[in-house]
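Observations on the three-dimensional arrangement
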Amino acid sequence: MLTVGDKLPNFSVKATVSLEKGKEFATINQDTYKGKWIILFAWPKDFTFICPTEIAEFGKKNKDFNDRDAQVLGLSTDSEFVHHAWRTHHADLKNLPFPMLADLKHELCNALGILHKEEGVALRATFIIDPEGIIRHVSVNDLSVGRNVSEVVRTLDAFQTDELCPCNWQKGEETLTSKLAKAG
């Protein structure tokens, strides 16, 4: 599995980006959002139970990510057509403000090292990638437990300070770097 300090691999995949007729799909690659922070999160399968709760929550927090110059990208091994059908028929996913990447050939999931060994689907992985394409954070859950999207926002905030941030630090609080500067 790729980890902190590794570079986001090159990729090019189809994505569902809209439900608007004629604008449903786009090709997304590693340079599409060059210069922005990337929040790349993967889920196992469309039309399941836990996955839409996470995807909808990333959608609800999308403005928070945008305010931090970060682009959210969702990812699974389902096709762009399955993503489109799911968004069309699931009330919580209809108005998603971020692309749903379709890694049908499993190339990106394999490159990231996030395929479940028995099931062959993506694990619940989350990557925070800096504007230079370097992975700064990775978390992975097994298939049965959803992630905390607020913690992803908090972690991004901490990275964007470029300072030392203690346990449970929240945006607006003093960092360890500022405390050390005051003490010195």
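So, here's what we can say about the structure. Just so you know, these numbers come straight off a predicted model, no measurement behind them.

Some thoughts on the pairing of strand 4 (residues 70-76)
Summarising burial for strand 4: seven of the seven residues are buried, a large majority. The side-chain alternation of strand 4 yields two buried faces, one formed by Ala70, Val72, Gly74 and Ser76 and the other by Gln71, Leu73 and Leu75. The pairing of strand 3 (residues 37-42) with strand 4 spans six bridges and is classified as parallel. The partner of isoleucine 39 across the bridge, within strand 4, is valine 72. Relative to strand 5 (residues 100-102), strand 4 runs parallel, the two sharing three bridges. Bridging from a neighbouring strand, glycine 74 pairs with methionine 100 of strand 5.

Quick look at the sheet that holds strand 1 (residues 12-16)
Sheet strands pair by backbone hydrogen bonding; their relative direction is either parallel or antiparallel. The strand order across the open sheet built from seven strands is 2-1-5-4-3-6-7, with neighbouring strands paired in mixed fashion. Lying at the two open borders of the sheet, with one neighbouring strand each, are strand 2 (25-29) and strand 7 (135-141). Across the sheet, the axes of successive neighbouring strands diverge by a mean angle of 25°, strand direction being ignored. In the sheet, strand 3 pairs with strand 6 (residues 124-129) via four bridges, with the strands oriented antiparallel. The residue of strand 6 that forms the bridge with isoleucine 39 is isoleucine 128.

Focus: the environment of valine 152
If you trace the backbone, valine 152 turns up in helix 5 (residues 149-161). In this structure, the C-alpha to C-alpha distance between valine 152 and histidine 137, residues 15 residues apart in sequence, is 9.2 Å. Those residues in contact with valine 152 that sit more than four places away from it in its chain are Ile39, Phe58, Phe65, Thr126 and Ile128.

About the thresholds
Residues numbered from 1 in each chain as written. Predicted model: local features only at pLDDT ≥ 70, side-chain atom pairs only at ≥ 80, totals over all residues. Heavy atoms only, no water. Buried < 20%, exposed > 50% of the residue type's maximum accessible area, 1.4 Å probe, protein only. Helix = DSSP H or I, 4+ residues; strand = E, 2+ residues; numbered from the N terminus. Pairing = 2+ DSSP bridges. Axes fitted to C-alpha atoms, helices over the stretch in contact; angles between N-to-C directions. Contact = heavy atoms within 4.5 Å.

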